[in-house]
Amino acid sequence: MRVLILGGTTEASRLARLMAGRPDLAPVLSLAGRTEAPAAQPIPTRIGGFGGVAGLVAYLRAEAIEAVVDATHPFAAVMSRHAAEACRIAGVPLCAHSRPPWALAPGDRWIEVADNAAAVAALGTEPRRVLLTIGRLGVAAFRAAPQHHYVIRTIDPPPAEDLPPDSRLVLDRGPFDEAAETQLMRGERIDGLVTKNSGGTATYPKIAAARALGLPVILVTPPARPDVPMMTDPDAVLAFLDRHRRGAPPG
């Protein structure tokens with residue numbers, strides 16, 4: 001069975017490893033190419049966009065793809081919409097695989113906002129020392145609030161022109177641990193965290209560290225996803241593929 005995994009997440013990499021051990025599956029992992037040095041994968045990998053819905057439909061047909069798994073980042077809203085529309089047109093089964101978002105815990109001081117512009121507004125006018133972990137593509141929005149000092153952590157550097165004037169760039173890749181996150185926040189005298197509610201365990205320690213230090217967190221909530229079957233368990237994804245494999249018995 002030829003399977004396309006739309007990836008770029010820990011969940012996609014985990015699926016790739018599971019499928020690599022299945023002789024009845026022929027998976028390919030597609031990465032958007034936003035990370036300069038993606039980790040090596042145990043299955044064939046393509047990097048780059050498809051050219052919108054029409055390009056993805058053409059790819060599905062040209063490669064005889066029999067099922068698609070949307071394991072993109074929870075904030076990759078455009079790709080998820082394109083996948084849903086392309087699979088509908090091509091008649092290819094589609095499921096989504098993602099981690100659930102983080103849930104509010106006792107002691108958390110969250111301000112939940114819809115997007116980066118709202119996060120900028122939520123910072124207020126008084127100067128603050130902000131740990132900013134919203135991905136390099138969102139950094140430019142914070143130039144609108146230059147009164148704050150930003151410690152910006154990303155995997156790859158943003159364009160220099162996107163950086164707020166009073167900022168320090170930290171290049172690092174998760175997973176992180178709570179002790180290190182606490183040390184970073186204390187050492188940089190951080191008084192607020194701005195991040196995305198991406199879910200999962202790899203970057204949750206910053207949430208736990210902010211809670212322990214009593215710091216407010218401005219949390220950008222994930223966008224709505226298309227109405228397709230959603231699985232948080234990789235075994236459920238494999239079961240979905242088994243049900244849709246050619247020749248599989250109904251039911």
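Structure: above.
Just so it is clear, the structure is predicted and the values come from calculations on it, not from any experiment.

Observations concerning the packing of helix H5 (residues 178-187) against helix H6 (residues 205-213)
- At a minimum axis distance of 8 Å, the contact between H5 and H6 shows a crossing angle of 55 degrees. Taken together, the axes of H5 and H6 lie oblique to each other. Judged by the twist between their axes, the crossing of H5 over H6 is right-handed. Counting all contacts with H5, which are made through Glu178, Glu181, Thr182, Met185 and Arg186, the residues of H6 involved are Pro205, Lys206, Ala208, Ala209, Ala210, Ala212 and Leu213.
- Tallied by class, residues from the contact of H5 with H6 come to 7 nonpolar, 1 polar and 4 charged.

Regarding the packing of helix H2 (residues 52-62) against helix H3 (residues 77-90)
- Here H2 crosses H3 at 50 degrees, and the two axes come no closer than 9 Å. Our classification of the angle between H2 and H3 gives oblique. Once H2 is placed against H3, the crossing between them reads as right-handed. When H2 is examined against H3, the residues Gly52, Val53, Leu56, Val57, Leu60 and Arg61 are found in contact with a partner set consisting of Met79, His82, Ala83, Glu85, Ala86, Cys87, Ile89 and Ala90.
- Of the residues contributing to the contact of H2 with H3, the split by class is 10 nonpolar, 2 polar and 2 charged.

Focus on helix H7 (residues 234-244)
- Among the residues making up H7, those that are buried are Pro234, Val237, Leu238, Phe240 and Leu241. For H7, the arc enclosing every buried residue in end-on projection is 155 degrees, short of the 170-degree limit, so these residues lie on one face.
- On its buried side, H7 packs onto strand S1 (2-6), helix H1 (10-20), strand S4 (67-70), strand S5 (94-97) and strand S12 (230-231).
- The opening residue of H7, the one whose side-chain oxygen lies 2.9 Å from the backbone nitrogen of Asp235, is Asp233.

Thoughts on the environment of Asn116
- Mapped onto the secondary structure, Asn116 falls in helix H4 (residues 116-122).
- When the C-alpha positions of Asn116 and Arg225 are compared, they lie 18 Å apart, and in sequence the two are 109 residues distant.
- If sequence neighbours within four positions are ignored, Asn116 has contacts with Ile134, Gly138, Ala141, Phe142 and Val220.

Focus on the sheet that holds strand S2 (residues 26-31)
- The 6 strands lie next to each other as S3-S2-S1-S4-S5-S12, forming an open sheet whose pairing is parallel. Here the strands that pair on one side only, and so sit at the sheet edges, are strand S3 (45-47) and S12.
- With 5 bridges joining them, S1 and S2 adopt parallel strand pairing. What sits directly across from Ile5, in S2, is Leu29.
- Strands S1, S2, S3 and S4 of the sheet are contacted by H2, whose axis makes an angle of about 150 degrees with S1.

Digging into the nonpolar core
- In this structure, Val3, Ile5, Met19, Leu25, Val69 and Leu241 are the most contacted members of the largest nonpolar core, which totals 20 residues.
- Counting residues per element, the ones that place at least two in this core are S1, H1, S2, S4 and H7.
- Ignoring any residue separated from it by four or fewer positions in sequence, one finds Val3 in contact with Met19, Leu25, Ala26, Pro27, Val28, Ile65, Ala67, Val69 and Leu241.

Details of the pattern of salt bridges
- In total, this model carries 13 salt bridges according to the counting rule given.
- Among the salt bridges present, the one from Glu188 reaches Arg168, with a minimum N-O distance of 2.3 Å. Placement of the pair is Glu188 in the loop between H5 and strand S10 (192-196) and Arg168 in strand S9 (residues 167-171), with a sequence separation of 20 residues.
- Taking the relative accessible area as the measure of exposure, Arg168 reaches 37% and is therefore partly exposed.
- Through salt bridges that share partners, Arg22, Asp24, Asp242 and Arg245 make up one connected network.

Some words on the sheet that holds S9
- Spatial strand order, S6-S11-S10-S7-S8-S9: 6 strands in an open sheet with parallel pairing. Each edge of the open sheet is held by one strand with a lone partner, namely strand S6 (110-113) and S9. On average, adjacent strands in this sheet sit at an angle of 20 degrees to one another, irrespective of strand direction.
- Of the strand pairs in this sheet, strand S7 (residues 129-133) and strand S8 (residues 149-154) are connected by 4 bridges, and their pairing is parallel. Along S8, the bridge assignment pairs Val130 with Tyr150.
- Packed onto the sheet, H6 meets S6, S7, S8, S10 and strand S11 (217-220) and runs at close to 155 degrees relative to S10.

The rules behind the values
Residues numbered from 1 in each chain as written. Predicted model: local features only at pLDDT ≥ 70, side-chain atom pairs only at ≥ 80, totals over all residues. Heavy atoms only, no water. Axes fitted to C-alpha atoms, helices over the stretch in contact; angles between N-to-C directions. Helix = DSSP H or I, 4+ residues; strand = E, 2+ residues; numbered from the N terminus. Parallel < 35°, antiparallel > 145°, perpendicular 65-115°, else oblique. Left-handed = near helix turned anticlockwise from the far one by under 90°. Contact = heavy atoms within 4.5 Å. Nonpolar A, V, L, I, M, F, W, Y, C, P; charged D, E, K, R; others polar. Buried < 20%, exposed > 50% of the residue type's maximum accessible area, 1.4 Å probe, protein only. Arc of directions from axis to C-beta. Polar contact = N/O pair within 3.5 Å; in protein donor to acceptor, adjacent residues only side chain to side chain. Pairing = 2+ DSSP bridges. Core = buried A, V, L, I, M, F, W, Y, C linked by side-chain atoms within 4.5 Å. Salt bridge = Lys/Arg side-chain N within 4 Å of Asp/Glu carboxyl O.

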